[in-house]
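As a plain string of letters, each chain reads:
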Amino acid sequence: MKSVKPTPSKSILQALFLYRDGKLFWKKSGNGRNVGDEAGMLTNKGYRRVKIDGLLHMAHRLVWAYHFDSVPEYIDHIDQNKSNNAIGNLRLASKIENGRNILLRKNNTSGVKGVYWATREQKWAAELSINKRPHRLGYFDDIELAELVVTEARNKYHREFANHGY
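Values in this document were obtained by computation on a predicted structure and should not be read as measured data.

Peer 1: Summarise unusual backbone geometry; cite the residues concerned and give the values.
Peer 2: Phi angles above zero are rare outside glycine, and Asp-53 is one such case at about 50°. Looking at the secondary structure, you find Asp-53 in the loop between strand 4 (48-52) and strand 5 (55-58). Despite not being glycine, Arg-159 shows a phi value in the positive range, around 45°. Relative to the helices and strands, Arg-159 is located in the segment after helix 4 (143-158).

Written as C-alpha cells, this is what we have:
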C-alpha cells in the first residue's frame, strides 16, 4: 500500500507561502531561507519539491492545495513542463489521463508518437492505447498517413489529454 504524506491545509500553505506566477515564495525566514526566496528545489526529473516540517512535498500538489484545499491523487501539467506549476497549467487527471499527456519517448525510432516500422509487413504501423489496451489502427505505406490516422484517433479517444508528442 502506498504511503501518503499529509498535505498541509490551504490555510497553513497560505500562511507559509506567497503564490505568484506558478511559484511559491516563503513568507517566513529560517532553516537557511529568507523571506521572498522561492520554495523548494528541482529534482533530476524536473519537478520542484518543497520541504515542510521535515517532509518533502511536490510543489504542484502544494500549489493545488493552496488554491483548492484538497489534493487529488493525480494532477496533470497541461504543457508537460513539470516545473510550470501555474494553477492554469494544472488539471485533475486519472492515472490513465495523466499517462496520455506525455511527449515523444526518447527511444522512438519513427519520430512519430504511436507509429513504428512493422518489419514483417514492411509498412508503417499506427497504434494507440485505449483503456489500457493497445489497438492497432492499421498498416500504411507512408508515415504521413499513419501519423494522420493515429493523431485523429488520439484526438477522438484521448480528447483534452491527447498529446501528439511535440
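Peer 1: Quick rundown of the pattern of salt bridges? Include the residues and the values.
Peer 2: Between side chains of opposite charge, a pair can form as their charged atoms come close. Applying the stated criterion across every chain, the model contains 5 salt bridges. Among the salt bridges present, the one from Glu-38 reaches Arg-48, with a minimum N-O distance of 3.1 Å. Here Glu-38, found in the loop between strand 2 (23-26) and strand 3 (41-42), pairs with Arg-48, found in strand 4; they are 10 residues apart in sequence, far enough to count as distant. The exposure class assigned to Arg-48 is buried, which follows from its relative accessible area of 17%. Residue Glu-127 is joined to Arg-136 by a salt bridge in which the shortest nitrogen-to-oxygen separation is 3.2 Å. Taking relative accessible area as the criterion, Arg-136 reaches 44% and is therefore assigned partly exposed.

About the thresholds
Residues numbered from 1 in each chain as written. Predicted model: local features only at pLDDT ≥ 70, side-chain atom pairs only at ≥ 80, totals over all residues. Heavy atoms only, no water. Helix = DSSP H or I, 4+ residues; strand = E, 2+ residues; numbered from the N terminus. Salt bridge = Lys/Arg side-chain N within 4 Å of Asp/Glu carboxyl O. Buried < 20%, exposed > 50% of the residue type's maximum accessible area, 1.4 Å probe, protein only.

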